[in-house]
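Tertiary structure, described
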Amino acid sequence: MTPASIIVAFALFAVVAVIVSVCLWLSREHLARRLRRLNDEALEASRDASVGHRLTIPNDPATAQLAHTVNRLFDALGERDEKIQGRDRLFKDFARTLPEIVIIHDDKILLPNESAASLVGLEPAQLVGRDVADLVKPAYRALFKKTTVKRLAGESAPQRIEIQLINGNQTGLWVEAQSSNIEYHGQRAILTVARDISHRKSLEVSLSRSKRQAQYTLESISEGVITTDNDGRIDYMNLAAESLIGTNRDDAAGHRVGELFTLVDDADRRPLGDPVDRCLSMRRRVNMGRRAVMVSADGEHEHSVEITASPVRGPGNSISGTVVVFHDVSELRGLTRKMSYQATHDPLTGLVNRREFERRLDEAMDSAHAEEAVHMLFYMDLDRFKAVNDTCGHLAGDNMLREVASLIKTEVRDSDFVGRLGGDEFGALLIGCPIEKARQIASDICTAVADYRFVWKDKIFNIGISIGLVEISHASGTLQDVMSAADSACYMAKQQGRGQVHIYSARDEAVARERGDIQWLRQLQTALHEDGFELAVQPIIAMGGKADSGPSVEVLIRLTDGRGHSTDSAEFLRPAERYQMMPQIDRWVINSALGAITSGEIKLSARRSCAINLSSQTLGDEAFLGFVVDSLDRSGVAPSAICFEVTETAILSNVQHAQRFIEVLHGIGCEFSLDDFGSGLGSFSSLKHLPIDYLKIDGTYTRNLQTDLVNQEMVAAMIKLARTMQFRVVAEQVEHQDDFDWLRDVGVDFVQGYFIEAPTKLGAAPTTGSYRTLNS
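Attention here is on the structure that accompanies the text. (Residues numbered from 1 in each chain as written. Predicted model: local features only at pLDDT ≥ 70, side-chain atom pairs only at ≥ 80, totals over all residues. Heavy atoms only, no water.)

**Here's the deal with the pairing of strand S12 (residues 319-328)**
The pairing of strand S6 (residues 224-229) with S12 spans six bridges and is classified as antiparallel. What sits directly across from Ile-226, in S12, is Val-324. Pairing analysis gives nine bridges linking strand S11 (residues 302-313) to S12, with the strands arranged antiparallel. Pairing of Arg-313 across the sheet is with Ile-319, part of S12. In this antiparallel pair of consecutive strands, S11 and S12, the connection spans five residues, and Gly-316 shows a positive phi of 70 degrees. (Pairing = 2+ DSSP bridges. Helix = DSSP H or I, 4+ residues; strand = E, 2+ residues; numbered from the N terminus.)

Below is the structure:
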């Protein structure tokens, strides 16, 4: 082929290529226009894919092929939309059944469930497109928006937050909102599920309030409270504990209780251990007893405490720690010690009293019986003590008793006990003392007391002391036997000339029994302890008929022997006075008489009174006035219903004390009668200033009045004196009609005696006298 033919061929090929290119270009533009039209139809069809819209197949093969392709695309789109719509329907159905609030959203609400719509009272479709933050209360919107923005931006954000939603109520709805990122219709969205936690929040508020209240309570109470973990280390301490221990809770945290204080026994100072350690090891409540003393770590401070440690139990009975509660009982324990001391010691001398002395004696006797130990008992009675009392008064006597008690204490050993048994009687218990040593100690006491001089104002007294000794061994009898033997030995020492020491022998008891006092002592003590006394009453009548005031009845005391027999007071009052028992007996009489008046056993007419006798010893008892006032107050008996009978001798033995006693009780309404008047007439000048209401003529002058001129003159003089002093007159021991008539004629106001009625026990039928018989 020539070059020219090659060039021509190439030129033809180029022309064909250009023509083909132009044709292809024209075909592509045509196709593009057709595709755009088909695309528009496809878009229109996609809007209604659910009805199966499809493109019409054209006749043009190329266009037909394109239409088939588009129709397949329509089918795929339809299937996808069906799936999306199915998922939406499934979501809506599922969300509708949930009680929780479910929302799909970005910053707007895309799909809510009915629970979400009910918050604002709308239908779910009405919420779509609204700001999702509008459902949140203003206080929590910033937090919710910040979390939403972070999630939409793909940043890390909390999965759960607690917020309040608007629900038409001012309090709002507390929810726990849990969110997660999802894709919704091809775009990033957030699925939020909100669960109602209002009840839990209410409980939390209530628990928080309770916890605060408990905290305030713990800080307010006076008891100290400490809590520890299960290793015994402190994790809490209240204000009272800080104050009591002397450290603050921050410094105490993490320490053990034993590092802050120790506990010792109040009596012997032995360590009591760590209560927390004991509680954790024993796994139960531990009480450290009533004698615990808390000692600070530096040993500078001590407090008497009552302290307990209890385990704090958790699930499965496991122990998570302990709680220690303690309170300061220093004041209470001090008061208890003081009361215990007062109950066991004589307030005048400071020695142990009779009850405590007998208790210690009983313990010594038990040891003698069990261990065959030997002890010695002293029974001591002062000589010439009455002279001091009668001359200078009870104040002087009390001072002397204190000084003598101190003398006796200095002569015995430190291990011995000295007690005041009553009045001017003392006892000493010598533990483990041989009889010869005891005799020497007794002699030293006698010598010390004999050498002692008691000075009161311008007077000097010397006294003595008689001591009876009894050996206590395994062969000794009862406490009563030993005390009786010691008293008998003391009596024998006095009989030997006073200021002597006498060791008991069996013959001493026989001598003492002859005088009978020992037997009476036992009976009187038993009667006081076992309520063996009883009251009798004897009426007092008014001579002028019905009296508007004055004594109506006198109460008398009787002693029963256990077999129904009663002993007249005249037989046992002398030994009762010897053993200083009258104040106790008079107290029993007053309590019993007031009780009988209150119960109605003793019936008193309006403005009439009940007469009660008081002894000389009782008037000298400084505490008796307070006892009477308290007894009247407790019983509710009017003071005007009581008339106290006191003798001239009783008043003269202590005029100042008796005057105060009479004036105070007379001032509140009680009446007073001067009993046995006439036996001490010469001293009446000392009594004329006392507020006395009645003068009671001694029974020796109310007998044989028709024939005994001396008695007539004496009674007439007493009545005249009584009228001068504006006293009313009572005649006692009237036993005959003649005497009764004579007394009535001379103007006696009241009469009492067997002629009227014999004394009768309370509750028994009265023994009718001659007057009752004549006037019945």
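**Details of empty space enclosed by the protein**
If you walk through the whole model with that rule in mind, you get three cavities of 30 Å³ or more. What the largest cavity holds in volume is close to 100 Å³. Those elements that place two or more of their residues in the lining of the largest cavity are strand S1 (101-105), strand S3 (160-165) and strand S5 (187-196). Take the lining of the largest cavity: its biggest share by element is three residues, from S1. (1 Å grid on protein atoms, 1.4 Å probe; cavity = no way out; pocket = protein on both sides within 12 Å on 5 of 7 lines; lining within 4 Å. Points joined across faces, edges and corners; volume = space filled by probe spheres on them.)

**Regarding the packing of aromatic side chains**
Aromatic ring pairs: the centre-centre distance and the angle between the two ring planes describe each pair. Counted by the stated rule, this structure contains twelve aromatic pairs. Taken together, a centroid distance of 5.5 Å and an interplanar angle of 70 degrees make the contact between Tyr-140 and Trp-174 edge-to-face. With Tyr-140 in helix H5 (residues 138-152) and Trp-174 in strand S4 (residues 173-184), this residue pair connects regions lying 34 residues apart in the sequence. When the ring of Phe-533 is compared with that of Trp-588, the centres are 5.6 Å apart and the planes differ by 55 degrees; the resulting orientation is tilted. Residue Phe-533 is located in strand S20 (residues 533-539), and its partner Trp-588 is located in helix H20 (residues 582-599); the two are separated by 55 residues in the primary sequence. As far as the burial class goes, Phe-533 and Trp-588 line up, both buried. An aromatic cluster is built from Phe-624, Phe-627, Phe-644, Phe-661 and Phe-672, whose rings are joined through pairwise contacts. Over the aromatic face of Trp-174 sits the side chain of Lys-201, whose NZ or CZ is 4.5 Å from the ring centroid. (Phe/Tyr/Trp six-rings, centres within 6.5 Å; stacked < 30°, edge-to-face > 60°. Buried < 20%, exposed > 50% of the residue type's maximum accessible area, 1.4 Å probe, protein only. Lys NZ or Arg CZ within 6 Å of the ring centre and 35° of its normal.)

**Looking at the sheet that holds S5**
Here we have five strands laid out as an open sheet, ordered S2-S1-S5-S4-S3, and antiparallel in their pairing. The open sheet terminates on both sides in strands that have one partner only, identified here as strand S2 (109-112) and S3. Strand-to-strand, the axes of this sheet are offset by a mean angle of 30 degrees, without reference to chain direction. Here S4 runs beside S5; their pairing, made up of ten bridges, is antiparallel. The residue of S5 that forms the bridge with Glu-183 is Arg-188. Lying on the sheet, H5 is in contact with S1, S3, S4 and S5; it crosses S3 at an angle near 135 degrees. (Axes fitted to C-alpha atoms, helices over the stretch in contact; angles between N-to-C directions. Contact = heavy atoms within 4.5 Å.)

**Focus on the environment of Asp-266**
Residue position: Asp-266 is located in the loop between strand S8 (261-265) and helix H10 (275-282). Spatially, the C-alpha atom of Asp-266 lies 8.9 Å from that of Arg-290, the residues being 24 residues apart in sequence. Among residues more than four places away in sequence, those in contact with Asp-266 are Arg-291, Val-293, Arg-333 and Arg-337.

**Examining H5**
The first and last C-alpha atoms of H5 sit 21 Å apart over 15 residues, in line with the 21 Å expected at 1.5 Å per residue. Taken as a whole, H5 has its buried residues at Tyr-140, Phe-144, Thr-147, Thr-148 and Arg-151. Along H5, the residues classed as buried sweep out an arc of 100 degrees about the axis, all on the same side. Among the exposed residues of H5, those oriented more than 90 degrees off its buried face are Pro-138, Ala-142, Lys-146 and Val-149. Of the surrounding secondary structure, the elements contacted by the buried residues of H5 are S1, S3, S4 and S5. Immediately downstream of H5, the backbone of Gly-154 shows phi near 80 degrees, a positive value. (Expected span 1.5 Å × (residues − 1). Arc of directions from axis to C-beta.)

**Re the pairing of strand S10 (residues 292-296)**
The element S10 is largely enclosed, with a buried count of five among its five residues. With burial as the criterion, each face of S10 is covered, one bearing Ala-292, Met-294 and Ser-296 and the other bearing Val-293 and Val-295. As defined by bridge partners, S8 adjoins S10 across five bridges and the pair is classed as antiparallel. Residue pairing for S10: Leu-263 is matched across the bridge by Met-294. Sheet analysis places S10 next to S11, joined by three bridges and oriented antiparallel. Within the sheet, the bridge partner assigned to Val-295 lies in S11 and is Glu-302. A loop of five residues connects S10 with S11, the two strands running antiparallel in sequence, and Gly-299 in this loop sits at a positive phi of about 75 degrees.

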